[in-house]
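# Structural characterization, general
Next come the chains, spelled out residue by residue.
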Amino acid sequence: MIDQFTAAGLLHRDPEFRTMKNGSRFLSAVLVCSRQLSADRQRKTGNGSQAELVEITFFDQPSMDLLQQCRKGDFISATGYMRSVYHQRPDGSGYYFTSLIGTGLLRLEEKRHG
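In this report, the structure presented in the accompanying data block is examined. For clarity, every value in this text was computed on a predicted model and none was experimentally measured.

Conventions and cut-offs
- Residues numbered from 1 in each chain as written.
- Predicted model: local features only at pLDDT ≥ 70, side-chain atom pairs only at ≥ 80, totals over all residues.
- Heavy atoms only, no water.
- Helix = DSSP H or I, 4+ residues; strand = E, 2+ residues; numbered from the N terminus.
- Buried < 20%, exposed > 50% of the residue type's maximum accessible area, 1.4 Å probe, protein only.
- Contact = heavy atoms within 4.5 Å.
- Areas by Shrake-Rupley, 256 points an atom, 1.4 Å probe, with all protein chains shown as cover.
- Pairing = 2+ DSSP bridges.
- Phe/Tyr/Trp six-rings, centres within 6.5 Å; stacked < 30°, edge-to-face > 60°.
- Lys NZ or Arg CZ within 6 Å of the ring centre and 35° of its normal.

Attention shifts here to the overall build of the chain. A tally of regular secondary structure across the chain gives one helix and six strands. When the helices and strands of the chain are read in sequence order from the N terminus, they spell out β-β-β-β-α-β-β. By residue count, 32% of the 114 residues in the chain fall in the buried class. Within the chain, contacts between residues separated by at least 24 positions form 58% of all contacts whose residues are at least 6 apart in sequence. Of the roughly 7,800 Å² of accessible surface on the chain, 50% is carried by carbon and sulfur atoms.

Note that Ser 63 resides in helix H1 (residues 61-68). Residue Ser 63 is classed as buried on the basis of its relative accessible area of 5%.

This part takes up the pairing of strand E2 (residues 16-19). When E2 meets strand E3 (residues 25-33), the two strands line up antiparallel, connected through four bridges. In the sheet register, Thr 19 faces E3, and the bridge partner there is Arg 25. The turn linking E2 back onto E3 is made up of five residues, and Gly 23 within it adopts a positive phi angle of 95 degrees.

Further remarks concern the packing of aromatic side chains. By the definition in use, this model includes two aromatic pairs. For the pair Phe 26 and Phe 59, a centre-to-centre distance of 5.4 Å together with 45 degrees between the ring planes defines the contact as tilted. With Phe 26 in strand E3 and Phe 59 in the loop between strand E4 (52-58) and H1, the pair connects residues that are 33 residues apart, well separated along the chain. A cation over an aromatic ring shows up here: Arg 25 above the ring of Phe 17, its NZ or CZ 4.0 Å from the ring centre.

Here it is, written out as structure tokens:
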């Protein structure tokens, strides 16, 4: 399948629950991933390496249960697929937004908290 992804990185912040307009809940996680990027998108981390923030959304209960136990700084790996959604602005113009939908999750290493 062409639209699959695998990402591994440190949680940038604690995962957070959100609610859609229809009442469905989902869990969002932002990972900091090392990556080679085009010059205009590069971000430097404290140690000088390249980093990219990647937001992944989880709807399935097993992944959400595991992700709720994770905290900022934990090293996780996620798999899933990409989905493009069209958003229309109030002025009538619109844009496409590509989101990453997680379908699998592993906590590879837990940061010592506290």
